[in-house]
Structure formats: structure tokens, C-alpha cells
Amino acid sequence: MCLLVARSAPDLVTRSRSLSALCLVASLVVLGVSVWLLPVPPITLFTVAGVAFGWALATARPEVSAQPA
């Protein structure tokens, strides 16, 4: 779902902290399940995904709205 949103609305992904937070939480939940049930390769990939979403959340800048003077 995150990839679909990233392809259709790239500005939303780079400027929205809530979408990045939602993706981070989802990837951390799946990481927890994979640590409990799966072997090492999925754990590694979900860890990388969690770091990437965390990085996106940390670097997201809110859009500056143009206010009329």
C-alpha cells in the first residue's frame, strides 16, 4: 500500500508525517511477527524497511502553504 501511495502521490509521502508513521508502525508490527515466526531473511528485510520508514519520518518536512498577503 505504501508503494502504491508513493507512486501515485510522491509529494504526500515526502511531506506527510502521518503516512510515514503509519508505514513505520505497520513495518514494526510485521517485524515483530517475523522475529517470532520466520527465519532470518524476512527479519532482515523488515528491519531495513523499518529503518527506511523511520528515516522518512525523521526527514519529513511539512509543506509550506502559500498565504495571501
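Residues numbered from 1 in each chain as written. Predicted model: local features only at pLDDT ≥ 70, side-chain atom pairs only at ≥ 80, totals over all residues. Heavy atoms only, no water.

A. Highlighting the overall build of the protein chain. Across its full length, the protein chain holds 4 helices and 0 strands. Overall, the protein chain shows an N-to-C arrangement of helices and strands of α-α-α-α. The 69 residues of the protein chain split such that 17% are buried. Considering only residue pairs separated by 6 or more positions, the protein chain has 51% of its internal contacts joining residues 24 or more positions apart. (Helix = DSSP H or I, 4+ residues; strand = E, 2+ residues; numbered from the N terminus. Buried < 20%, exposed > 50% of the residue type's maximum accessible area, 1.4 Å probe, protein only. Contact = heavy atoms within 4.5 Å.)

B. Inspection of the packing of helix H3 (residues 17–37) against helix H4 (residues 40–59) at higher detail. Packing of H3 against H4 brings their axes to within 8 Å, and their N-to-C directions diverge by 160 degrees. When the interaxial angle is binned, H3 and H4 end up roughly antiparallel. H3 and H4 meet at a crossing whose hand is left-handed. Side by side, H3 and H4 meet where Arg17, Ser20, Ala21, Cys23, Leu24, Ser27, Val30, Leu31, Ser34 and Val35 of the first sit next to Pro42, Ile43, Phe46, Thr47, Ala49, Gly50, Phe53, Gly54, Ala56, Leu57 and Ala58 of the second. (Axes fitted to C-alpha atoms, helices over the stretch in contact; angles between N-to-C directions. Parallel < 35°, antiparallel > 145°, perpendicular 65-115°, else oblique. Left-handed = near helix turned anticlockwise from the far one by under 90°.)

C. Seen up close, the environment of Ser20. Inspection of the secondary structure assignment puts Ser20 in helix H3. Exposure remark for Ser20: the relative accessible area of 4% places this residue in the buried category. Placed 32 residues apart in sequence, Ser20 and Ala52 show a C-alpha to C-alpha distance of 9.6 Å.

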